[in-house]
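What follows is the residue order along each chain.
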Amino acid sequence: MISKQLKRSPLKASTTLQSSILDKDQCPRLLEFEFRHLLGRHNLHLNILEMSAQIFAGTLAKQSDEAKYLRECAKKLGFHSLYPDASFVDAKMYLVYSHLAYVFSAGDQLCERVRSTQFIKKLKGETAFFHDIDKGDFVTKTLALTVLASMPVNDRSVEKVNTKVEQLQNTPSFALVNYYRLIRNEELHASGDIDRNRTEEAMGKLPLDKIKKQYQMSPSLVDKLTSYDALLCSKAWQDVAKWFCGHMLGEHEVKSILIKRFGNLKGDRRTVAAKNFMKLELLYSASQVNDIMTVLNW
């Protein structure tokens, strides 16, 4: 039978977590939940805009001269900067760009919060080779830190961290995030047109079969982006966020939390409570849960 402590609300469970080792706002489950909440709120508004754009696209399809119709609409609404050769298709693409930009803004915020947790900050300060793995874009840097955090202390090295990072970057979620990151960066930060050679090269390196199997959809080329790409980017980021949050604590810290919270329980009661806590609050996978339970000999 699960203990009364485990039946408490998620907020109360996080409060106990705070008292043991982490501040409430640094709980893995809460960090991941707040990230998904941001995405969900934006996605609702994006869907309304996408619906409006599709309705307007239907209206445009009935016009003999799209540019002229756009110009007349612009005059009525006071948008005099719209020229006769303005393309609705190109403009509609910015719905996708804006969504990608927002998702990555939320992702960067999550990375910053993960890197600012007390354990990760301590890890950065005490790791002699931290600067050797803290390289690349912000997602890659955060990935390297969480890989380091989740490694047993005696197994940590630059080579092992970099090898694991490279392996993870080839998984569907991280590979997609990197692909859409390049598109976002080219659109928002490049001085001229998007470097299609670069993005097409990145597309060629994607594990497309695995992506299709995991997400039941595939990414588009940079000049053929649709709202489905915005959705796919969001889904990939959700998986990346869950990985970050589920690997931001070291084995020693997790053991300390579990012993303090469940050490006084016995037998199956302790086993069930500890496993559920790791799964729900620490976002641990089944293999991670089993590894910790083996170490604790529970």
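About the thresholds
Numbering of residues begins from 1 in every chain and follows the order in which that chain's sequence is written. For this predicted model, a pLDDT threshold of at least 70 governs which residues receive local features, and a threshold of 80 or more governs which side-chain atom pairs are given and counted, while totals over whole chains, interfaces and linings are taken from all residues. With hydrogens and water set aside, each side-chain value is computed from the structure's full complement of heavy atoms. We count a stretch as a helix when DSSP gives it H or I for four or more residues in a row; a strand needs E for two or more, and each element gets its number in order from the N terminus. Relative accessible area decides the class of each residue, using a 1.4 Å probe on protein chains only: under 20% of the type maximum gives buried, over 50% gives exposed, and in between gives partly exposed. Residues are treated as being in contact if the distance between any of their heavy atoms lies within 4.5 Å. Working definition of accessibility: Shrake-Rupley area with a 1.4 Å probe, residue cover restricted to the visible protein chains. A pair is scored as a salt bridge if a Lys or Arg side-chain nitrogen falls within 4 Å of a carboxyl oxygen belonging to Asp or Glu. Every angle, taken between N-to-C directions, lies between 0 and 180 degrees, and every axis is a line fitted to C-alpha atoms, over only the stretch in contact when it is a helix. Should an angle lie under 35 degrees it is considered roughly parallel, over 145 roughly antiparallel, and from 65 to 115 roughly perpendicular; all remaining angles are considered oblique. Following the grouping adopted for this structure description, the nonpolar residues are Ala, Val, Leu, Ile, Met, Phe, Trp, Tyr, Cys and Pro, the charged ones are Asp, Glu, Lys and Arg, and the polar ones are all others, Gly among them. Side-chain rings of Phe, Tyr and Trp (the six-membered ring for Trp) are treated as a pair once their centres are within 6.5 Å; stacked means planes under 30 degrees apart, edge-to-face means over 60, and tilted covers the remaining angles.

Along its length, the chain carries 15 helices and zero strands. Out of the 298 residues in the chain, the part that is buried amounts to 44%. Relative to all contacts within the chain whose residues are 6 or more apart in sequence, the contacts with residues 24 or more apart total 69%. Surface accessibility of the chain: about 16400 Å² in total, with carbon and sulfur atoms responsible for 52%.

Throughout the structure, instances matching the rule amount to nine salt bridges. The salt bridge partner of Lys205 is Glu201, with a shortest N-O separation of 3.6 Å. Relative accessible area serves as the criterion here: at 62%, Lys205 is assigned to the exposed category. Taking the relative accessible area as the measure of exposure, Glu201 reaches 48% and is therefore partly exposed.

Further remarks concern the packing of helix 2 (residues 28–61) against helix 4 (residues 88–115). Where helix 2 meets helix 4, the closest approach of the two axes is 11 Å, and the angle between their N-to-C directions is 180°. Taken together, the axis directions place helix 2 and helix 4 in an arrangement best described as roughly antiparallel. Grouping the amino acids of the contact of helix 2 with helix 4 by side-chain chemistry returns 17 nonpolar, six polar and five charged.

For any two aromatic rings, the description comes down to two numbers: the centre-to-centre distance and the angle of the planes. According to the stated counting rule, one finds nine aromatic pairs in the structure shown. Taking 5.9 Å as the distance between ring centres and 50° as the angle between the ring planes, the aromatic pair formed by Phe35 and Trp237 counts as tilted. Residue Phe35 is located in helix 2, and its partner Trp237 is located in helix 12 (residues 227–246); the two are separated by 202 residues in the primary sequence. For the pair formed by Phe35 and Trp237, the shared burial category is buried. Ring centres of Phe174 and Phe244 lie 5.8 Å apart, and the angle between their planes is 65°; this geometry places the pair in the edge-to-face category. Taken together, the positions of Phe174 in helix 9 (residues 172–189) and Phe244 in helix 12 put the pair 70 residues apart, joining distant regions of the chain. Per residue, the accessibility class of Phe174 equals that of Phe244, and both read buried. Each residue in the set Phe35, Phe104 and Trp237 is aromatic and connected to the rest through ring pairs, giving one cluster.

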